[in-house]
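Examining the three-dimensional arrangement
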Amino acid sequence: MAITLNHYLVLSAALFTIGLYGALAKRNAVTILMCLELMFNAANIAFVALTRAVAPQVLTGQVFALFVITVAAAEVAVGLAIVLAVYRQRRTIDATEIDLLKW
Amino acid sequence: MNTNEPAVTIAFYVFSALTLGGAAGVVFGRNMFHAALFLVASFFGLAGIYVLLQADFLAVVQVLIYAGAISILVVFAIMLTRQVERGNEWNQLRGPGLLLGVLLLLGLLFVLTGTQWYTGMGPYPADTVSTLARQIFGPWVLPFEVASVLLLAALVGAIIIAREE
């Protein structure tokens, strides 16, 4: 059976769903950041697969995927720095216990 | 590369299994360190998927930035926050989150498989690197410069936030 565009899109959807579930249902802030990375990667698969099918001459989706990787690297650097700062202040990175702004 | 070769099909399923298995290991694993290693496995599987999609430059970038740099940052964060012994716990959203995830997956599958995508808009370029370079330094040069400023700001911000007083 040949691999079509739909195969890649289904893979992307499955990866995004796993990442979303982990980001919603885990306590550890580092795990939540890892699941965010999985969701970024799922979006990248969809970009690259669609650009190969739809716009192979200009590769716009691959350019977009490169920008997504750049922004994800910036996000994970700042996010992990925030996690470290929170750990230093409160001695925990359990996302359910970091409730300073909760009413 | 002919996409009808059986080898491509086998490679797709192997890399997909690596990617999804690694992602499942991140979410369902009990140990934080194992979760980080599963994340690396998932990133390598994705690099293979990019190779199958003929995105060679992105595959290299994926290995360098995700499997190399970001996973090192994640391991550093796990080591520095010493919550390894508490494991990779669930919160109270374990059931509702699973329900939402399954519903989202079903909706996405319904939409993705039901849509007639526009395809066949010309041949794929033989050399993706020069095409990407002409795109990034041509029409997308302003976002490229903004991205470099963003990286600088993130670097300075991460140092300011994470440093000891």
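Thresholds, definitions, all that
- Residues numbered from 1 in each chain as written.
- Chains lettered and ligands numbered in written order.
- Predicted model: local features only at pLDDT ≥ 70, side-chain atom pairs only at ≥ 80, totals over all residues.
- Heavy atoms only, no water.
- Helix = DSSP H or I, 4+ residues; strand = E, 2+ residues; numbered from the N terminus.
- Buried < 20%, exposed > 50% of the residue type's maximum accessible area, 1.4 Å probe, protein only.
- Contact = heavy atoms within 4.5 Å.
- Lys, Arg positive; Asp, Glu negative; His and termini not counted.
- Charge placed at Lys NZ, Arg CZ, Asp CG, Glu CD.
- 1 Å grid on protein atoms, 1.4 Å probe; cavity = no way out; pocket = protein on both sides within 12 Å on 5 of 7 lines; lining within 4 Å.
- Points joined across faces, edges and corners; volume = space filled by probe spheres on them.
- Nonpolar A, V, L, I, M, F, W, Y, C, P; charged D, E, K, R; others polar.
- Domains from an automatic or database assignment.
- Buried area = accessible area lost by both parts, 1.4 Å probe.
- Salt bridge = Lys/Arg side-chain N within 4 Å of Asp/Glu carboxyl O.
- pLDDT = per-residue confidence, 0-100.
- Axes fitted to C-alpha atoms, helices over the stretch in contact; angles between N-to-C directions.
- Parallel < 35°, antiparallel > 145°, perpendicular 65-115°, else oblique.

Points about the overall build of chain B
- Counting its secondary structure elements, chain B contains six helices and zero strands.
- Secondary structure elements in chain B, listed N-terminal to C-terminal, are α-α-α-α-α-α.
- The dimensions of chain B, computed from C-alpha atoms along their principal axes, are 55 × 40 × 30 Å.
- Expressed as a percentage of its 165 residues, the buried residues of chain B come to 35%.
- Taking the intrachain contacts of chain B between residues at least 6 apart in sequence as the baseline, contacts between residues at least 24 apart amount to 63%.
- Side-chain charges in chain B split into 6 positive and 8 negative, and the spacing between the mean points of these groups amounts to 12 Å.

Let's talk about the layout of surface pockets
- Of the volumes computed, that of the largest pocket is approximately 410 Å³.
- Taken together, 23 residues line the largest pocket, and the ones lying closest to its centre are L66(A), I69(A), T70(A), I65(B) and L151(B).
- Secondary-structure elements contributing two or more residues to the lining of the largest pocket are α3 (60-90) of chain A together with α3 (56-81), α5 (128-136) and α6 (141-162) of chain B.
- The biggest single contributor to the lining of the largest pocket is α3(A), with eight residues.
- Taken together, the residues of the lining of the largest pocket break down into 21 nonpolar, two polar and no charged.
- Viewed by domain, the lining of the largest pocket spans two of them, domain 1 (1-87) and domain 2 (127-165) of chain B, each represented by three or more residues.
- As for the second largest pocket, its lining consists of 12 residues, of which T4(A), L5(A), R52(A), A53(A) and T119(B) are closest to the centre.

Some words on the interface of chain A and chain B
- On the side of chain B, 88 residues touch chain A, which itself brings 73 residues to the contact.
- For the pair chain A and chain B, the summed buried surface comes to about 7,200 Å²; carbon and sulfur atoms form 74% of the total.
- If you sort the residues of chain A by the area they bury against chain B, Y21(A), M34(A) and R52(A) come out on top, with a joint share of 10%.
- Scanning the region where chain A abuts chain B turns up zero salt bridges.
- Of all the elements in the fold, those that place two or more residues in the side of chain A that touches chain B are α1 (5-25), α2 (29-54) and α3 of chain A.
- Among the elements that take part in the side of chain A that touches chain B, α3(A) stands out by supplying 23 residues, more than any other.
- Residues belonging to the side of chain A that touches chain B are distributed by class as follows: 51 nonpolar, 14 polar and eight charged.

Re the confidence of the model for chain B
- Here chain B averages 88 in pLDDT, while 95% of its residues score no lower than 70.
- Taken together, the chains of this predicted complex give a pTM of 0.91 and an interface ipTM of 0.90.

Brief notes about the packing of α1(A) against helix α1 (residues 6-28) of chain B
- Following both chains from N to C, one finds α1(A) and α1(B) inclined at 10°, their axes separated by 9 Å at the closest point. Considered as vectors, α1(A) and α1(B) are oriented roughly parallel to each other. Side by side, α1(A) and α1(B) meet where H7(A), Y8(A), L11(A), A14(A), L15(A), I18(A), Y21(A) and G22(A) of the first sit next to F12(B), Y13(B), S16(B), T19(B), L20(B), A23(B), A24(B), V27(B) and F28(B) of the second.
- Considering only residue class, the contact of α1(A) with α1(B) consists of 13 nonpolar, four polar and no charged.

What to know about the environment of S42(B)
- With respect to the helices and strands, S42(B) occurs in helix α2 (residues 32-52).
- Classification of S42(B) as buried rests on a relative accessible area of 0%.
- Distance from S42(B) to A17(B), taken between C-alpha atoms, is 9.0 Å for residues 25 residues apart in sequence.
- Setting aside anything within four residues of it in sequence, one finds S42(B) in contact with L15(A), L38(A), L18(B), T19(B), G22(B) and A23(B).

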